[in-house]
Amino acid sequence: MPIYKKFENLLLENSLRVSEVAEATNISPSTFSDWKTGKSFPKVDKLQTLAKHFNVSIEYFLNE
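About the criteria used
- Residues numbered from 1 in each chain as written.
- Predicted model: local features only at pLDDT ≥ 70, side-chain atom pairs only at ≥ 80, totals over all residues.
- Heavy atoms only, no water.
- Salt bridge = Lys/Arg side-chain N within 4 Å of Asp/Glu carboxyl O.
- Helix = DSSP H or I, 4+ residues; strand = E, 2+ residues; numbered from the N terminus.
- Buried < 20%, exposed > 50% of the residue type's maximum accessible area, 1.4 Å probe, protein only.
- Contact = heavy atoms within 4.5 Å.
- Core = buried A, V, L, I, M, F, W, Y, C linked by side-chain atoms within 4.5 Å.
- Arc of directions from axis to C-beta.

A. Inspection of the pattern of salt bridges at higher detail. By the definition in use, this model includes one salt bridge. As a salt-bridge pair, Lys36 and Glu8 come within 3.6 Å of each other at their nearest N and O atoms. Remark: Glu8 occurs in helix H1 (residues 3–13) and Lys36 occurs in helix H3 (residues 29–37); sequence separation between them is 28 residues. Exposure remark for Glu8: the relative accessible area of 23% places this residue in the partly exposed category.

B. Main features of the environment of Ala24. Here Ala24 lies in helix H2 (residues 18–25). Judged by relative accessible area, which is 52%, Ala24 ranks as exposed. Considering only alpha carbons, one finds Ala24 and Leu50, 26 residues apart in sequence, at a separation of 9.7 Å.

C. Structural detail: the side chain of Lys6. Counting through the fold element by element, Lys6 comes out in helix H1. Setting aside its immediate chain neighbours within four residues, Lys6 contacts Met1, Tyr60, Phe61, Leu62, Asn63 and Glu64.

D. Main features of the nonpolar core. Ranked by internal contacts, the top residues of the largest apolar core, which has 16 residues, are Phe7, Val21, Phe32, Trp35, Leu50, Phe54 and Phe61. Looking at this core, the elements that each hand over two or more residues are H1, H2, H3, helix H4 (44–54) and helix H5 (58–62). Broken down by element, the residue count for this core peaks at five residues, all from H1. Once residues within four sequence positions are removed from consideration, Phe32 is found in contact with Tyr4, Phe7, Val18, Val21, Ala22, Thr25, Ile27 and Leu50.

E. Seen up close, unusual backbone geometry. The backbone of Asn26 sits at a positive phi, close to 65°, despite the residue not being glycine. Its relative accessible area of 69% is what places Asn26 among the exposed residues. Despite not being glycine, Asn55 shows a phi value in the positive range, around 60°. By the element assignment, Asn55 lies in the loop between H4 and H5.

F. Local environment of H2. When H2 is considered as a whole, its buried residues turn out to be Val21, Ala22 and Thr25. Projection of H2 onto a plane perpendicular to its axis shows the buried side chains occupying an angular sector of 105°, all on one side. Of the residues in H2, the exposed ones pointing more than 90 degrees away from the buried face are Glu23 and Ala24. On its buried side, H2 packs onto H1, H3 and H4.

Rendered as structure tokens:
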């Protein structure tokens, strides 16, 4: 499953919007948009930030 899809699942499970996560993590909404469209791929530091925010391991995003 693509990383962005995993991120979307976490949004749904936690009843959050991208804008809320962007504000809480200091990751811009446009960065999330670029991940969704495939313009860019998340860097490890951003994945670590998201993992911490959602209380999951970074492996959640990296493992299939």
